[in-house]
Amino acid sequence: MKYNRSKYIISAVAFLFLYACTKNTGITNQSYDVYGISSSSGQLKINLATSYTVDYNTMLIKINDKVVSGSLQTRTPFPGGGYNTRGSNYALYLTVPLGANKVSLLIPKIGTTEDSIILYTTSITIPDNAPYTLHIADTLSAAINKTKSVLVKNEISDMDTGYCRFKFVNLIPNVAAVDLYLNDVKLKSAIPYLGATDSFSVKTGVNAPGYKAGVVTTWAVRIAGALPTSKALASYGSANGLQSQRVLTVFCLGYAGFTGTKLPYVSLTLDKNN
């Protein structure tokens, strides 16, 4: 009897191990239908692109008055993440009801999840079960000091090998507009604050715009109309920047000319792993 019980325990542990591995593979590599998304629910990612004076590390996200995250800092796409962010390297989304949803960003009372400071609250509408990202940013004026956001639909349909797909969102509030560069090649012009581009495809490998052997792929933003040789507001170089069949959103945040917690960044959220 003792032998049989041990055999069952070993079998159960083996099953749970295999299930965990399968679940992890599904999340990171397979198509989105394995995440349990149905026609009656939506997909939502929250990109915390705020640049408050204090670099809060205990921010919580509530959806429809329910806490859905652990403690977060700015430059964090949740759930999942991206490159040059404080998130993971997985393209994940929350499951939310279709239609109206209340989204709140808060600082909790110490040791609790109860609201202490409500940083931002908004209502968004998820019209279908396509994946969306809510990019949350703040404004420069201390007198107004109103956090703002923009909801962007992510295009995750399949694409040919040798291409990856991007959108670009400008979350820098103290310049009128910015230009987006890849390897010193201008890809998008005059994108205003809270503006988002349409999806665009980029060739990978040696066919990438401005490709140079041995040089790291670099994204950069400049004030709209500035010369390509002028100093960038922010830049980010990474070997992960162009991977075949991936879908990402490039975004810039922070404040032009600032340092510390308001330092400008160029980062990328992962919208679909290949």
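Above: the structure in question.
Conventions used here
- Counting restarts for each chain, with residues numbered from 1 along the sequence as it is written.
- Restriction of local features to residues with pLDDT of at least 70 applies here, the model being predicted, together with a cutoff of 80 or more for giving and counting side-chain atom pairs; totals for whole chains, interfaces and linings are based on all residues.
- The basis for every side-chain value is the complete set of non-hydrogen atoms in the structure, without hydrogens or water.
- The pairing test for Phe, Tyr and Trp rings, Trp by its six-membered ring, is centres within 6.5 Å, and the orientation test on the planes gives stacked under 30 degrees, edge-to-face over 60, and tilted for anything in between.
- Remark: exposure states derive from per-residue accessible area (1.4 Å probe, protein chains only) relative to the maximum for the residue type, with buried under 20%, exposed over 50%, and partly exposed in between.
- Comment: the charge-over-ring label is applied if NZ (Lys) or CZ (Arg) is within 6 Å of the ring centre and within 35 degrees of the ring normal.
- The helix and strand labels rest on DSSP assignments: H or I over at least four residues marks a helix, E over at least two residues marks a strand, and numbering proceeds from the N terminus.
- Salt bridges are identified by distance alone: a Lys or Arg side-chain nitrogen within 4 Å of an Asp or Glu carboxyl oxygen.
- Here, a strand pair is defined by DSSP locating no fewer than two bridges between the strands.

1. Concerning the packing of aromatic side chains
Now for step 1: Overall, the coordinates contain 4 aromatic pairs when judged by the stated rule.
Now for step 2: Ring geometry for Y255 versus F258: centroids 5.5 Å apart, planes at 50°, classification tilted.
Now for step 3: In this structure Y255 comes out as buried when scored by relative accessible area, which is 0%.
Now for step 4: What makes F258 partly exposed here is its relative accessible area of 34%.
Now for step 5: Positioned over the ring face of Y93 is K45, at 4.3 Å from the centre of the ring.

2. What about unusual backbone geometry?
Now for step 1: In this model, F78 is joined to P79 through a cis peptide bond whose omega is -10°.
Now for step 2: Mapped onto the fold, P79 is located in the loop between β4 (76-78) and β5 (82-83).
Now for step 3: One non-glycine residue with positive phi stands out, namely N183, at about 50°.
Now for step 4: One can find N183 in the loop between β12 (177-182) and β13 (185-192).
Now for step 5: On the basis of relative accessible area, N183 is assigned to the buried category, the value being 15%.
Now for step 6: Not every positive phi belongs to a glycine, and A190 is a case in point at roughly 50°.
Now for step 7: Topologically, A190 is positioned in strand β13.

3. Digging into the pattern of salt bridges
Now for step 1: According to the stated counting rule, one finds 6 salt bridges in the structure shown.
Now for step 2: The salt bridge involving R86 is made with D55; its shortest N-O contact spans 3.0 Å. With R86 in the loop between β5 and β6 (94-97) and D55 in the loop between β1 (41-48) and β2 (60-63), this residue pair connects regions lying 31 residues apart in the sequence.
Now for step 3: Under the relative-accessibility criterion, R86 is labelled partly exposed at 36%.
Now for step 4: Note that K102 is salt-bridged to D65, the shortest N-O span being 2.9 Å. Of this pair, K102 sits in strand β7 (residues 99-108) while D65 sits in the loop between β2 and β3 (66-67), and the two are 37 residues apart along the sequence.
Now for step 5: Residue classification places K102 among the partly exposed positions, given a relative accessible area of 34%.

4. Brief notes about the pairing of strand β18 (residues 265-272)
Now for step 1: The element β18 is largely enclosed, with a buried count of 7 among its 8 residues.
Now for step 2: As defined by bridge partners, β5 adjoins β18 across 2 bridges and the pair is classed as antiparallel. Looking at β18, one finds that Y83 is bridged to L268.
Now for step 3: Pairing analysis gives 7 bridges linking strand β17 (residues 247-253) to β18, with the strands arranged antiparallel. Its bridge partner lying in β18, L248 is registered against L270.

From the geometry alone we can't say anything about function, so treat these as descriptive.
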